[in-house]
Structures are given as C-alpha cells and as structure tokens.
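As a plain string of letters, each chain reads:
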Amino acid sequence: VQLVESGGGLVQAGGSLRLSCAASGRTFGNYGVAWFRQAPGKAREFVGHITWFGGTTYYTDSVKCRFTISRDNAKNTVYLQLNSLKPEETAVYYCALGLYSTREYDYWGQGTQVTVAS
C-alpha cells in the first residue's frame, strides 16, 4: 500500500487549503483513511477519519465545522478540506490507512506541510 499526500502550502490565517491522499496497492475492505497532524515539538494528533465504504466521518473536536474529509472511490483518493485555518494549526499533515474502531493505522504517507501565517 502506498499513500501520497499533496496540497500543502502557505496560507494566511482564516484561509483554506485542500489536501489530497492518493492510495494505491490494495483494496480497502473495512479500512478507512485518517488524517493526523504533527506540529514542531508536539505529539502527533488525530484530526479525523473517513470509512471507505459508507463514508462515515469522525473528527477531533477542535476541527469540527471547519475541516471536512471526503473521498472519491473511483480515484482511490481522500481529501481534507481545511477552512478557517489558525496559525497554531501549522503542522505536517499525514494520511494513514487503518481502522477507526481500534485506532490502528498500518500504512502512512510521507506528509505534507501546512503553514498558517498570522
């Protein structure tokens, strides 16, 4: 399995970005794709998850109503729409393949940098 993120960049506070996670190498079965982020000097943080079949989404409280995860099954791609970004959300954003129920993610992308300027 290979996951490749793209779409990161520099944005002003209050701005928006859309990240993509392109997956290849296997079918997903009951798995889903999660987004995590890691800011400098901080622990990795769960952002949200989408199930591959059904498209059920889960979010950490701090991003609800601002971030949206969606998927395009035909393209094997998951998206993370980031709105109303805050400077403290500057981080490397990663996508990962796994199970939300167990919080076990076996495959990870290389990450994409999101920088939010104040």
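Residues numbered from 1 in each chain as written. Predicted model: local features only at pLDDT ≥ 70, side-chain atom pairs only at ≥ 80, totals over all residues. Heavy atoms only, no water.

1. Digging into the state of the cysteines
1) Next: Taken as a whole and assessed by the stated rule, the structure comprises one disulfide.
2) Next: Across a sulfur-sulfur distance of 2.1 Å, Cys21 and Cys95 are joined as a disulfide pair. Judged by the sign of its S-S torsion, about 70 degrees, the cystine formed by Cys21 and Cys95 is right-handed. Highlighted residues: Cys21 in strand 3 (residues 17–24) and Cys95 in strand 9 (residues 91–99), separated in sequence by 74 residues. Per residue, the accessibility class of Cys21 equals that of Cys95, and both read buried. (Disulfide = S-S within 2.5 Å. Helix = DSSP H or I, 4+ residues; strand = E, 2+ residues; numbered from the N terminus. Buried < 20%, exposed > 50% of the residue type's maximum accessible area, 1.4 Å probe, protein only.)

2. Focus on the pattern of salt bridges
1) Next: Considering all chains together, one arrives at four salt bridges under this definition.
2) Next: Residue Glu45 pairs with Arg37 through a salt bridge whose shortest N-O separation is 2.8 Å.
3) Next: Accessibility expressed as a relative area gives 30% for Glu45, which makes it partly exposed.
4) Next: Between Arg66 and Glu89 there is a salt bridge whose closest N-O contact spans 2.5 Å. With Arg66 in the loop between strand 6 (57–59) and strand 7 (67–72) and Glu89 in the loop between strand 8 (77–82) and strand 9, the pair connects residues that are 23 residues apart, well separated along the chain. (Salt bridge = Lys/Arg side-chain N within 4 Å of Asp/Glu carboxyl O.)

3. Some words on the pairing of strand 5 (residues 45–51)
1) Next: Taken across its seven residues, strand 5 has five buried, putting it largely inside the fold.
2) Next: Inspection of the sheet shows strand 4 (residues 32–38) paired to strand 5 by six bridges, in the antiparallel sense. If you follow Phe36 over to strand 5, its bridge partner there is Phe46.
3) Next: Hairpin remark: strand 4 followed by strand 5, antiparallel, with six residues in the connecting loop; positive phi at Gly41, about 75 degrees.
4) Next: Sheet topology note: the strand 5/strand 6 ladder contains three bridges and is antiparallel. Bridged to Gly48 within strand 6 is Tyr59.
5) Next: With antiparallel pairing between neighbouring strands as the criterion, strand 5 and strand 6 make up a hairpin whose turn holds five residues, including Gly54 at a positive phi of roughly 100 degrees. (Pairing = 2+ DSSP bridges.)

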